[in-house]
Amino acid sequence: ADQVRLLAREQGFLPEIPDALLDEVTALVESPRAVLGTFDEAFLEVPAEVLIETMQKNQKYFPVRDQHGALQAKFVAIANIDSLDPSQVRKGNERVIRPRFADAKFFWEQDQRRPLADYFVNLESVVYQDQLGSVADRCRRVERLAGEVAALMGEETLLARRAALLSKCDLVTAMVGEFPSLQGTMGRYYAGLAHEDPVVCQAIEEHYLPRYSGDVLPGTGVGRALALADRLDL
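Residues numbered from 1 in each chain as written. Predicted model: local features only at pLDDT ≥ 70, side-chain atom pairs only at ≥ 80, totals over all residues. Heavy atoms only, no water.

*Asks:* How should I be thinking about the environment of Val200 in this particular structure?
*Replies:* Structurally, Val200 is set in helix α10 (residues 198-206). Under the relative-accessibility criterion, Val200 is labelled buried at 1%. Between the C-alpha atom of Val200 and that of Ile97, which follows or precedes it by 103 residues, the distance is 34 Å. Ignoring sequence-local partners within four residues, the contact set of Val200 consists of Leu159, Arg162, Ala163 and Leu166. (Helix = DSSP H or I, 4+ residues; strand = E, 2+ residues; numbered from the N terminus. Buried < 20%, exposed > 50% of the residue type's maximum accessible area, 1.4 Å probe, protein only. Contact = heavy atoms within 4.5 Å.)

*Asks:* Sorry, what's going on with helix α1 (residues 2-10) here?
*Replies:* Since the α-helix advances by 3.6 residues per turn, residues separated by three or four positions end up pointing in the same direction. Taken as a whole, α1 has its buried residues at Val4, Leu7 and Ala8. Across the axial projection of α1, the buried residues extend over an arc of 95 degrees, all falling on one side. Across α1 from its buried face, at more than 90 degrees, point the exposed residues Asp2, Arg9 and Glu10. The secondary structure elements touched by the buried residues of α1 are β1 (14-15), β2 (33-38), β3 (62-65) and β4 (71-79). Backbone geometry just after α1 places Gly12 at a positive phi near 85 degrees. (Arc of directions from axis to C-beta.)

*Asks:* Help me understand the packing of aromatic side chains, please; the structure alone is not making it clear to me.
*Replies:* We describe a pair of aromatic rings using the distance from one ring centre to the other and the angle between the two ring planes. On inspection of all chains with the given rule, the structure shows six aromatic pairs. Taking 5.6 Å as the distance between ring centres and 55 degrees as the angle between the ring planes, the aromatic pair formed by Phe43 and Phe101 counts as tilted. Of this pair, Phe43 sits in the loop between β2 and α3 (48-59) while Phe101 sits in helix α4 (residues 86-111), and the two are 58 residues apart along the sequence. On the basis of relative accessible area, Phe101 is assigned to the buried category, the value being 0%. Of note, Arg114 hangs over the ring of Tyr119, and the distance from its end group to the ring centre comes to 4.2 Å. Over the ring of Tyr189 we find Arg188, and its NZ or CZ is 4.6 Å from the ring centre. (Phe/Tyr/Trp six-rings, centres within 6.5 Å; stacked < 30°, edge-to-face > 60°. Lys NZ or Arg CZ within 6 Å of the ring centre and 35° of its normal.)

*Asks:* Just checking my understanding: could you explain α4 for this structure?
*Replies:* Spanning 26 residues, α4 covers 38 Å between terminal C-alpha atoms, matching the ideal 38 Å at 1.5 Å per step. For α4, the set of buried residues is Val89, Gly92, Asn93, Glu94, Ile97, Phe101, Ala104, Phe107, Trp108 and Asp111. Contact partners of the buried residues in α4: β2, α3, β4, α8 (174-178) and α9 (185-193). (Expected span 1.5 Å × (residues − 1).)

*Asks:* Mind showing me how you'd approach the packing of helix α7 (residues 157-166) against α10 here?
*Replies:* How two helices pack is summed up by the angle between their axes together with the distance between the axes. Direction vectors running N to C along α7 and α10 enclose 50 degrees, while the axes themselves pass 9 Å from each other. Classified by the angle their axes make, α7 and α10 are oblique. Crossing angle aside, the handedness with which α7 passes α10 is right-handed. Facing α7, whose interface residues are Leu159, Arg162, Ala163 and Leu166, α10 presents Val199, Val200, Ala203 and Ile204. (Axes fitted to C-alpha atoms, helices over the stretch in contact; angles between N-to-C directions. Parallel < 35°, antiparallel > 145°, perpendicular 65-115°, else oblique. Left-handed = near helix turned anticlockwise from the far one by under 90°.)

Keep in mind that these numbers describe shape and distance, not what the molecule does.
Structure, rendered in structure tokens:
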């Protein structure tokens, strides 16, 4: 962790060091040596969450941000050798991340060929539970519940119902198929690109909150209404 911080700080950046990733990398190496790598800035057109997930999950790299929190086209990798030619280690790590980012960029562009709402039809063929129908059926149930819960909370019922209908559409996108942990997050992005109401976009991501004990709660009223409706149906 000290090596990662020092290497990033020398460049004027701040590394992202999740405890779980640090533990995993520590268990993978015996002679850790931090190496700073770079990638094509064109990949920054893809949402930061996607690039970070790729770096951390697939390659065990530590992402790097600037002082304002913006993701940079750099990463810190941990080599398991004190190489006589560190540049070769750096180039090797840069080479393996490139195709993974290229795949992510492809998924991002492919998914945008249809507005988020158009993915709803795909949910008709995804079985939720054999006696409860498809995921599309579940969304319709949650839509009704979300409208009722939102009304009780004094929130916009139409926005809550719209968010409920779209809430699971990203599950059948290529990006979430590759990175399931980005469910909701990609829904927010794709809804925004389809010019859905910002409240709806936010609620799509927030309805999964809290994801675990002690996690943050939904920050918007519609997000809270949808989160409750989703759990009531469940």
